[in-house]
Structures are given as C-alpha cells and as structure tokens.
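Reading the structure
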Amino acid sequence: MSKAGVDQELIRQLAALLKETDLSEIEIETGSLKLRVARQVGQVTVPVAHHAAPAPAAAPVAAAPASDATHPGALTSPMVGTAYLAPEPGAAPFVTVGSKVTAGQTVLIIEAMKTMNHIPAQRGGTVTKILVDDGQPVEFGEALVIIE
C-alpha cells in the first residue's frame, strides 16, 4: 500500500499514545479502514493497514459473535480495560441475565489505567446476555451486554 493511503501522522500519534499510556496495542476501525498499532518489548511495530473488501452479495450469514456486536441492544465497551461485573470482589453483580435496567443504571465497571469507570446502560430493558466474565480484558467496541 502506498504512503498516500495511510495517515502517517495518525500512526505517529497512536504510537506515542501507546508509549505514554503503557498500552501494548491500539486498534481503530473506521469504515473500510482498519489500523492496528502494537508494541512489543520496548519497540513499536506498525502492521500494514488494509482496506476491507466489500462482502459478496451472496455472503453467508455472520457467525454468532459478530451478531452480538451488531445487535441493536448491544452495550459496547467505550475503552480498553478489564471488565468487572460487581462493585467489589465478593459483592453481588450489578446485573444478571433477566435483570430489568433503566437508562443510566450502572451495568458493570471497566478498569482502565487504574481508574474504575462505571458503564451505564444506554437504554432501559431486560438483560438477555452477559458476554464477558468478571475480570476479563475487553477491547474498545467489544459487545459486553445485550439489553432488549
């Protein structure tokens, strides 16, 4: 791929952010562009960014994990971190499958850079799936909970 097709300044900014935040990788997907910047043992590696090819018209139905991420009731992770289903170890979880939630109610916590971030339900409804385990690492945009 030519340099004209990749935003070199964006790659430099992401590499600097990796170093500044001590993260091991950052991945961004916008439209048909997918960019992943990863760091290994003190060096920054930048895999080649690629444009996703459009799916053929007769493409098979996507697998179940992809449908969870695109489900209209999916609550997705706003950040990279570690998901916690309860306010503290040994406490009751914020929600369970079948729980009724209201918009703004805390559903789980994501710890990022030693900060506990309460993740609220973006809409009211019933929790039909919890897609992460307590203490599981999560990525930006990953589906966490399905609320219908």
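Quick caveat: nothing in here was measured; it's all calculated off a predicted structure.

1. Things to note about the overall build of the protein
Scanning the protein from terminus to terminus reveals two helices and 12 strands. Counted from the first residue to the last, the protein has its helices and strands arranged as α-β-β-β-β-α-β-β-β-β-β-β-β-β. Looking at the 148 residues of the protein, the share that counts as buried comes to 27%. The long-range share in the protein, meaning contacts at least 24 apart out of those at least 6 apart in sequence, stands at 49%. Of the roughly 9,500 Å² that the protein leaves accessible, carbon and sulfur atoms contribute 57%.

2. A few points about the sheet that holds strand β10 (residues 125-130)
Reading across from one edge, β5-β12-β10-β7 is the order of the four strands in this open sheet, with antiparallel pairing throughout. Each edge of the open sheet carries a strand with a single partner, namely β5 (74-76) and β7 (100-101). The sheet contact formed by β10 and strand β12 (residues 143-147) spans three bridges and is antiparallel. Within β12, the position partnered with Lys129 by the bridge is Ile146.

3. A short note on the nonpolar core
By size, the foremost hydrophobic cluster in this structure holds 16 residues, and its most contacted members are Val107, Leu108, Val132, Leu144 and Val145. Those residues within four positions of Leu108 in sequence are excluded, and the remaining contacts are Tyr84, Leu85, Phe94, Asn117, His118, Ile119, Val132, Leu144 and Val145.

4. What about the layout of surface pockets?
The space that makes up the largest pocket amounts to roughly 740 Å³. Along the walls of the largest pocket sit 27 residues, with Glu27, Val80, Glu139, Phe140 and Gly141 positioned nearest its centre. Those elements that place two or more of their residues in the lining of the largest pocket are α1 (8-21), β1 (25-30), α2 (64-70), β6 (81-84) and β8 (106-112). Counting residues per element, the lining of the largest pocket draws most heavily on β1, at five residues. Taken together, the residues of the lining of the largest pocket break down into 13 nonpolar, six polar and eight charged.

5. A closer look at the confidence of the model for the protein
Per-residue confidence for the protein gives a mean pLDDT of 78; residues scoring 70 or more make up 76%. Below pLDDT 50 for its whole length, residues 41-46 participates in 10 contacts with residues either more than four positions away or in separate chains.

6. Concerning the pairing of strand β9 (residues 115-120)
As paired strands, β8 and β9 are joined by six bridges and run antiparallel to one another. Of the residues in β9, the one forming a bridge with Thr106 is Pro120. The antiparallel pairing of β8 with β9 creates a hairpin that spans two residues between the two strands, and Met113 there sits at a positive phi of about 55 degrees.

The rules behind each value
Residues numbered from 1 in each chain as written. Predicted model: local features only at pLDDT ≥ 70, side-chain atom pairs only at ≥ 80, totals over all residues. Heavy atoms only, no water. Helix = DSSP H or I, 4+ residues; strand = E, 2+ residues; numbered from the N terminus. Buried < 20%, exposed > 50% of the residue type's maximum accessible area, 1.4 Å probe, protein only. Contact = heavy atoms within 4.5 Å. Areas by Shrake-Rupley, 256 points an atom, 1.4 Å probe, with all protein chains shown as cover. Pairing = 2+ DSSP bridges. Core = buried A, V, L, I, M, F, W, Y, C linked by side-chain atoms within 4.5 Å. 1 Å grid on protein atoms, 1.4 Å probe; cavity = no way out; pocket = protein on both sides within 12 Å on 5 of 7 lines; lining within 4 Å. Points joined across faces, edges and corners; volume = space filled by probe spheres on them. Nonpolar A, V, L, I, M, F, W, Y, C, P; charged D, E, K, R; others polar. pLDDT = per-residue confidence, 0-100.

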